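# Results of the structural survey
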Amino acid sequence: MNERLRSGLHNTLTVLVWRLLIVYVLLAALRAIFYLANTDTLGPMTAAEIPALVRGSLLFDTANISYCYTLFVVLSLLPLRAREQAGYQRMLFGIWVVVSSVVVLLNLADSVYFHYAKKRITIDELHFAGNDNTGHILWKAVGENWYLLPIGIGLVWGAVWLYRQVKPAPSRLKKPGLFVAVNSLLTLAAVVLLVGGMRGGLSHAIRPVAMSQAAQYAVSPAKASVVLCNPFCVLRTMSNKQITPLRYFSDSTELAARFSPYHYPAADSLRHDRFGTQRGKNILIFVLESFSYEHSAYLNPELYGDGADYTPFLDSLMREGYLFRRGYANGRKSIDALPSVLSSIPSFKTPFVITPQSLGETRGLGRLLGEEGYSTWFFNGSENKSMGFVAYAKLSGVEEARTREDYEARMGTGDFDGHWGIWDGPFMQYMARELDEAPKPFFATIFTLSSHHPFVVPEGDAATLPEGRTKVQRPVAYTDRSLRDFFAYARRQPWFANTLFVFTADHVSSEVYGEVSKTPTGNSHIILFLYTPDGSLRGDDPHVAQQIDLMPTILGLTGYEKPFFAYGQDIFAVRADSARTAERAFAINYLNESFQWITDSAAMFFDEHEVTHLFDLHSDSLEQHNRIDRGVRPDPVQVERLKALLQTYYDHLAQSDFLVR
């Protein structure tokens, strides 16, 4: 090749472009790996989807590169003669390799993490890095996904090989003044372009690109995660502690008319026929780790026609209790569940418990029932500091907590599962004996743990438990058996007959089997029901319900008449107004960078600005046909309720205000 031409092709700018193009290729490869590793969850890719996904991917990849490679770009263009020296080029190479290795590491980790959490890694995950068992769990995950290590090494090696194929030639600008002027202009232009890349464009009207924008490029909400990449997701969520208010209504009266978290039971005209029927009873809430709706053969006979059943005991209680067939979780992770269940406060973009605002005064079930004479308890077989469970239970007003440390002090150290804490079976028996001694009436919550990754059961139980269609179902069957044994003991105790039992999952399992469970709505569908030994609560409710409805419902059942703060509804009050039940029943959560609003008939996805997806759950249970694309507009009443709830939520969160004023 002509030396003059070669020098032109290998000038500083073209070499920089080449090195950044390598990163684009690297991100594309990582995105393909991410998709292939999660095809079961994300669903098949059609040709019609690809153009929009490519456009979105380029937008987020550009933002990712702009955030991560700014130092590399600026140092590559600075008007310094030293940049032509070997030492300077080695420095640039070192920066590029380190950043690129982090890009590879985080995105490969995403491929594994998404399988369990159904979200990309963000700054929120770092909150749990201090757990005592984090290192052990990480090593376990590395062992299970060892093949990603050689893939990662191969990707970095390939990128390095491409990097070294093109080297910059000495600048042809020999005059110092001209060299400085040209390279200063290039540096300034690069900075402008980098800022534009971070924002998603150069127009002053464009806001910095946010994770929620990924939904605009996905035919289905689940595939919004394919568009995203890291470290962008981590960097963009580092400011999560700063609450950004949402403004849809300027008139406070209009806002309150559409949604209000203030409840005034004594003044409620819909005093339902079950109000106060459980007055004075003990209350025991089971928050069951990963108990998806699909695990139950009673609820899913079409999935288990071969007679398989992983929750036979729970199924027997559902038949005799009050079942919410369409119960939904308000969060994606275990840490989201306790605020939802104990305080009727959902988690959206950021888990509520890791925001500084969560330290504001809340009056959850523990505090409200404690003031009514209940002793209040929280049980979890993990360590006292694990996941912040005990800390939040205390914030909600619970007085007494029992964890792994308390169990081992009384029962010895032989029942540790080697991963998370005490096996559910022995820990539930321990809880039963603690409740024997607890002052009555008691309000207690147990958060189970055995039906969790790495999906193991005690050696003595493995041979007698069904293997399951997914890895989690044998541990689910183990926890169900543990519940059976707990009830076998509890039925003989004086307090049993005078107790209201509440069952909810914390979230949907990472391991799903049925096609409906892989949809965004199915991926929030949990086991949710009430049980009373005296049969005073019986029913099969077909309407939508959610975790944040439990607190107002329990308070209504116990006849609580004082004002309280809650984002959920007293379910039986909603059902009492039969003419408006379908309109008033809803569930909400944050999924795939969008707010999901579920009603009896539809699932709607909202990205803070507009409804991006709308599915008819009656005719399209697999959520394959976005009605927005067909010109169908969402119900304006539901859209306004959703907006009102979000504005109210972020207003109160910003002010750390969770009390009735």
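Residues numbered from 1 in each chain as written. Predicted model: local features only at pLDDT ≥ 70, side-chain atom pairs only at ≥ 80, totals over all residues. Heavy atoms only, no water.

What follows deals with the packing of helix H18 (residues 424-437) against helix H20 (residues 473-490). Packing of H18 against H20 leaves a shortest axis separation of 9 Å and a crossing angle of 25°. The orientation of H18 relative to H20 falls into the category roughly parallel. Crossing angle aside, the handedness with which H18 passes H20 is right-handed. Every residue of H20 that contacts H18 at Asp-424, Gly-425, Pro-426, Met-428, Gln-429, Met-431, Ala-432, Arg-433 and Asp-436 is listed here: Tyr-478, Thr-479, Ser-482, Leu-483, Asp-485, Phe-486 and Tyr-489. Partitioned by chemical class, the residues of the contact of H18 with H20 number 8 nonpolar, 4 polar and 4 charged. (Axes fitted to C-alpha atoms, helices over the stretch in contact; angles between N-to-C directions. Helix = DSSP H or I, 4+ residues; strand = E, 2+ residues; numbered from the N terminus. Parallel < 35°, antiparallel > 145°, perpendicular 65-115°, else oblique. Left-handed = near helix turned anticlockwise from the far one by under 90°. Contact = heavy atoms within 4.5 Å. Nonpolar A, V, L, I, M, F, W, Y, C, P; charged D, E, K, R; others polar.)

Attention now moves to the sheet that holds strand E14 (residues 602-606). Taken together, 4 strands build an open sheet; the order of strands is E12-E13-E14-E15 and the sheet is antiparallel. On the outer flanks of this sheet lie strand E12 (587-591) and strand E15 (611-616), each paired with one strand and no other. Neighbour-to-neighbour, the strand axes of the sheet open up by a mean angle of 20°, direction not taken into account. Pairing of strand E13 (residues 594-598) with E14 involves 4 bridges; the strand directions are antiparallel. Bridge pairing in E14 places Gln-596 opposite Phe-605. (Pairing = 2+ DSSP bridges.)

Under the counting rule described, the total for this entry stands at 44 aromatic pairs. On the basis of an interplanar angle of 65° and a centroid distance of 6.0 Å, the ring pair of Tyr-262 and Phe-565 is categorised as edge-to-face. A residue pair is termed long-range when its members are at least 10 positions apart, and Tyr-262 in strand E1 (residues 262-263) and Phe-565 in strand E11 (residues 564-565) qualify at 303 residues. Between Phe-503 and Phe-529 the ring centres are 4.6 Å apart and the planes differ by 10°, which places this aromatic pair in the stacked class. (Phe/Tyr/Trp six-rings, centres within 6.5 Å; stacked < 30°, edge-to-face > 60°.)

Grouped together as the largest cluster of nonpolar side chains are 73 residues, with contacts concentrated most on Ile-285, Phe-348, Leu-530 and Leu-646. At 8 residues, the largest contribution of residues to this core is made by helix H24 (residues 636-655). Discounting residues that sit within four places of it in the chain, Ile-285 has contacts with Val-341, Leu-365, Phe-443, Ala-444, Thr-445, Ile-446, Val-502, Thr-504 and Ile-554. Core analysis: the next-biggest nonpolar cluster, separate from the first, contains 54 residues, Tyr-310, Trp-423, Phe-442 and Phe-496 among them. (Core = buried A, V, L, I, M, F, W, Y, C linked by side-chain atoms within 4.5 Å. Buried < 20%, exposed > 50% of the residue type's maximum accessible area, 1.4 Å probe, protein only.)

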